[in-house]
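# A look at the structure
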Amino acid sequence: MKTKYSKTDMRVWLFISTLFSLFFPKQVLMSQVTAIYNNNVVTLDNGIIHREIKLSQSGSFTASSFKLLNDKQEFLLINTHSNKNDEDKLLVSDSDEFGFKINDKEYTGLSEWEFISSQKVENGIKLNLRSKEIELQLSITYLIYPDLPLIRKKLEFKNTGDNKLKLESVDVERLKIADDDVGTSSWIMNDYGRQKHLGQFIGEWYDPIMVIHNHSTKRGVFLGNEAPGVMKRTSAFLKPSLLTTGLTHIQQNFGFRKWIEPNETWESTWVFSGLYNHTNDPSLVLNTTVNDFVRKHMGARIYNVTEKPTFVYNTWEPFRHDINEDIIYGLIDAAAACGAQEFVIDDGWQESYGDWGVSKKKFPNGLKPVFDYIKSKGMKPGVWISLASAETKSNVYIDHPEWTVRKANGEDINLHSDKDKVYDWESRSMCMTTGWKDYIRDVILEMVNEYGLEYVKGDFAAVTGAYTSDKTRSGCHATNHNHKDRNESMLEMYQSTWELFDELHASAPNLFIDCTFETMGALHLIDLDMCKHADGNWLSNFIDNAPLGSLKVRRLAWSRTPVIPASSMVIGNQRLDDPNFVFSLKSLSGTLPIVLGDPRQLSNEQQSEIKTMADWLKKMQVQYDFMSYRQDLPGFGEPQDGFWDGFQRINTDTKSGGIVGVFKQNSKKNEMWVTIDHLDPSSTYEVLLGPEKRVISNGSGKELYSKGFKVIFNKEFQGELYEVRKE
């Protein structure tokens, strides 16, 4: 028998479960996943979400149903008409399922296809089709998970002819939705799902997720895009009712292209789409379904890290390149006294970009004794390295000119900025699709094996520059690399960088790889695809002291989570020697806390205060694994001056508790009620003030959600961290 819930019970259930749990009893949640092809129909069903894609007698392959099973209302635009060439004359969908160009001609699900075979894959099905128009085999993989209202998808292209095919403008997913036609009745939640837009929209690199939320029907569709960096494209209502997601179209700045040779097979990147209903809040799906998918099924690297960093020190500010052995040893002692767990030596340790030999002038004894000393203080050693650049004076640049990235005129280039000279020396970008990838991998592994390297910060442009205004300074025009032209090179360069990370992890499983936004190719850019290969992303260079720097940290954290794993976000550059640093440290606790500055300038009392907080964070991680979670704090929105804001990092799997951060940023209000969701409603919890362990409230999970606890801040700028502990 299905359990019935009152409206009050439903609201309580909402805060302790994922979006679909609100609407489905446990018996349904445990339903068997169905992914089959039968009678010319692909059926995907997990008891929560249902989708059908039909291959008609005329050869069209279109979605015929997409709905949630709690109310069975169709989300697709379904037309009723007759087609003399089609035996299926009643309900017909114009959702053409996919789209792409081959040799400049467009093909979609409405083109002519014939069935070859289907095969079961883990969590889904793979359908193999043959084009009736060109020599192409198209395979479509659908994945559906037992606990989520979403479907993951990718395309595979095989050239079955004798001539190469030019593939462009790939929409892996194309859906026509019923609730809106031109986008005036729906919020298009873009920019990591955080910003609202009305009308036609094209999402790019800042859109790994887009939510289309209809105001009237209180339901929506979300589209996830797992393409890397600047290669993402998601659109809404460019044609009536049409939503698409996939790779960039050829007319865009970073237009995708792939040349497929005869008998060659090429796979697209993944996308996912899903549904939700019965809510006025489009961010709910980010905090539940999308967040759970990324954590449980997508394969984000950070969730495999057994000892997630909770306090990292980096030398870049204020020293920049001016470091040496004596300075580093002093910093090691001071950082350890502050409770740092990782100690990362930034730019300046090397003789040159490219050769990556240790500077004998700065480190006459090499890095091995320095790393040993870092470890003796209980910290893990790390270094900065430019992943894809070499100075023109370096031996590798001189010996391997065939590895350099090339302009259209054949000259080499520095992709990092609008000019080829970044600092006081000349450097050039090296193409990851060449032997450079293996070379830089071996450089890093040598440091792992000889010095005991455990953290690498990989920096600078690999595909396009985060600071360039001229976007033609992107990709590689070389004709002797593993790509045919610039348009083909860009995705290949990203994926070769991911191969580098995967090979490093295969040889050094415990190496923490920090891939910066500069390597990603745009300011503050992090995305889902990167998170599958790198552990973290140095996401910013905020040099402002608290409280402004603290606000920027929290604002950036809010803007990227809960879609992006919070612990993959490495937000610099808050400094330990800032008089108000503790406010910044509390703000940084919403992501992966990384700090800079000169800890030697701190008094013993200041170092002890910071260490107390750092030790508390480490203890909270051991107790709750809070670094694997982050959710919006109910009732608190985007961090901004004049308001309160906050976050919660509750373990939604064990319901054992976690931490909550609450902040006042120059607000006129001195008190706020704070509520917490994602707890077990029937269990009892204590709320304790940070490292003080002073109990300030207790109650059931239901009470902490419905009533919460009062926070009083009398200062203009104030923040506190709280432990939420299950009794």
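Notes on the structure in this doc start here. If you're wondering where the values come from, they're calculated on a predicted model, not measured in any experiment.

Right, let's get into the overall build of the chain. Summing up its helical and strand segments, the chain has 15 helices and 40 strands in all. For 727 residues, the compact-globule estimate of 2.2 N^0.38 gives 27 Å, and the C-alpha radius of gyration of the chain, at 26 Å, lies within 12% of that figure. Seen through its C-alpha atoms, the chain measures out along the principal axes to roughly 85 × 70 × 40 Å. Residues classed as buried in the chain amount to 63% of the 727 residues present. For the chain, the exposed area adds up to about 26700 Å²; of that, 46% sits on carbon and sulfur atoms. Of note, the chain has its 84 positive side-chain charges centred 5 Å away from the centre of its 98 negative side-chain charges.

Right, let's talk about the pattern of salt bridges for a bit. The final tally for this structure, using the stated rule, is 57 salt bridges. For the salt bridge of Asp 179 with Arg 219, the shortest nitrogen-to-oxygen distance reads 2.7 Å. With a gap of 40 residues between them, Asp 179 in the loop between strand 13 (165-176) and strand 14 (186-189) and Arg 219 in strand 17 (residues 219-225) connect regions that are remote in the sequence. Assessed through its relative accessible area of 23%, Asp 179 is described here as partly exposed. Salt-bridge contacts for Glu 307 lead to Lys 380; the nearest nitrogen and oxygen are separated by 3.5 Å. Taken together, the residues Glu 307 in the loop between helix 3 (284-298) and strand 23 (312-314) and Lys 380 in strand 25 (residues 380-386) connect sequence positions 73 residues apart. Because the salt bridges share partners, they merge into one network encompassing Lys 437, Asp 438, Arg 441, Asp 442, Glu 499 and Glu 503.

Moving on to the sheet that holds strand 1 (residues 34-38). Spatial ordering of the open sheet is given by 1-2-3-4, a layout of four strands whose pairing is antiparallel. Sheet topology places strand 1 and strand 4 (61-68) at the edges, where each strand pairs with a single neighbour. Taken pair by pair, the neighbouring strands of this sheet meet at an average axis angle of 10 degrees, ignoring direction. Where strand 2 (residues 41-45) lies against strand 3 (residues 49-55), five bridges are found, and the strand directions are antiparallel. Paired with Val 42 across the strands is Ile 53, a residue of strand 3.

Take the packing of aromatic side chains next. Throughout the structure, instances matching the rule amount to 35 aromatic pairs. Measuring from ring centre to ring centre gives 6.0 Å for Phe 157 and Trp 266, while their planes differ by 35 degrees; the resulting arrangement is tilted. A residue pair is termed long-range when its members are at least 10 positions apart, and Phe 157 in strand 12 (residues 150-159) and Trp 266 in strand 21 (residues 265-267) qualify at 109 residues. Note on accessibility: Phe 157 and Trp 266 belong to one class, buried. Seen from their ring centres, Trp 644 and Phe 713 are 5.1 Å apart, and the 5 degrees between their planes marks the pair as stacked. Of this pair, Trp 644 sits in strand 34 (residues 643-650) while Phe 713 sits in the loop between strand 39 (709-712) and strand 40 (717-726), placing them 69 residues apart in sequence. Across the pair, exposure class does not vary: Trp 644 and Phe 713 are buried alike. Ring pairing ties together the aromatic residues Phe 61, Phe 98, Phe 100, Tyr 107, Trp 113, Phe 157, Phe 256 and Trp 266, which thus form one cluster. We note Arg 219 situated over the ring of Phe 75; from NZ or CZ to the ring centre the distance is 3.9 Å.

Further remarks concern the nonpolar core. With 193 residues, the main nonpolar core has Phe 61, Phe 100, Phe 157, Phe 311, Phe 343 and Trp 349 as its most contacted residues. Residue contacts for Phe 61: discarding those within four places in its chain leaves Val 42, Ile 53, Lys 54, Leu 55, Asp 96, Glu 97, Phe 98, Gly 109, Leu 127, Leu 129, Ile 140 and Tyr 142. Counting residues in hydrophobic clusters, the runner-up holds 18 residues, among them Leu 633, Leu 679, Phe 713 and Tyr 722.

Okay, helix 9 (residues 486-507) next. A rise of 1.5 Å per residue sets the reference length of helix 9, with its 22 residues, at 32 Å; its end C-alpha atoms lie 31 Å apart and thus fit the reference within 8%. The N-cap of helix 9, judged by a side-chain oxygen 3.3 Å from the amide nitrogen of Asn 487 a few residues on, is Asp 485.

A sheet is described by the order of its strands in space; here six strands give the open sequence 29-28-25-24-23-32, paired in parallel fashion. Each edge of the sheet is formed by a strand with only one pairing partner; in this case those strands are strand 29 (512-515) and strand 32 (594-595). Pairing between strand 28 (residues 455-459) and strand 29: four bridges, direction parallel. Its bridge partner being in strand 29, Gly 458 is matched across the sheet by Cys 515. Here helix 6 (residues 368-376) sits on the sheet and contacts strand 24 (342-345) and strand 25; the angle it forms with strand 25, its principal contact strand, is near 135 degrees.

Rules and cut-offs
Residues numbered from 1 in each chain as written. Predicted model: local features only at pLDDT ≥ 70, side-chain atom pairs only at ≥ 80, totals over all residues. Heavy atoms only, no water. Helix = DSSP H or I, 4+ residues; strand = E, 2+ residues; numbered from the N terminus. Rg over C-alpha atoms; globule rule 2.2 N^0.38 Å. Buried < 20%, exposed > 50% of the residue type's maximum accessible area, 1.4 Å probe, protein only. Areas by Shrake-Rupley, 256 points an atom, 1.4 Å probe, with all protein chains shown as cover. Lys, Arg positive; Asp, Glu negative; His and termini not counted. Charge placed at Lys NZ, Arg CZ, Asp CG, Glu CD. Salt bridge = Lys/Arg side-chain N within 4 Å of Asp/Glu carboxyl O. Pairing = 2+ DSSP bridges. Axes fitted to C-alpha atoms, helices over the stretch in contact; angles between N-to-C directions. Phe/Tyr/Trp six-rings, centres within 6.5 Å; stacked < 30°, edge-to-face > 60°. Lys NZ or Arg CZ within 6 Å of the ring centre and 35° of its normal. Core = buried A, V, L, I, M, F, W, Y, C linked by side-chain atoms within 4.5 Å. Contact = heavy atoms within 4.5 Å. Expected span 1.5 Å × (residues − 1). Polar contact = N/O pair within 3.5 Å; in protein donor to acceptor, adjacent residues only side chain to side chain.

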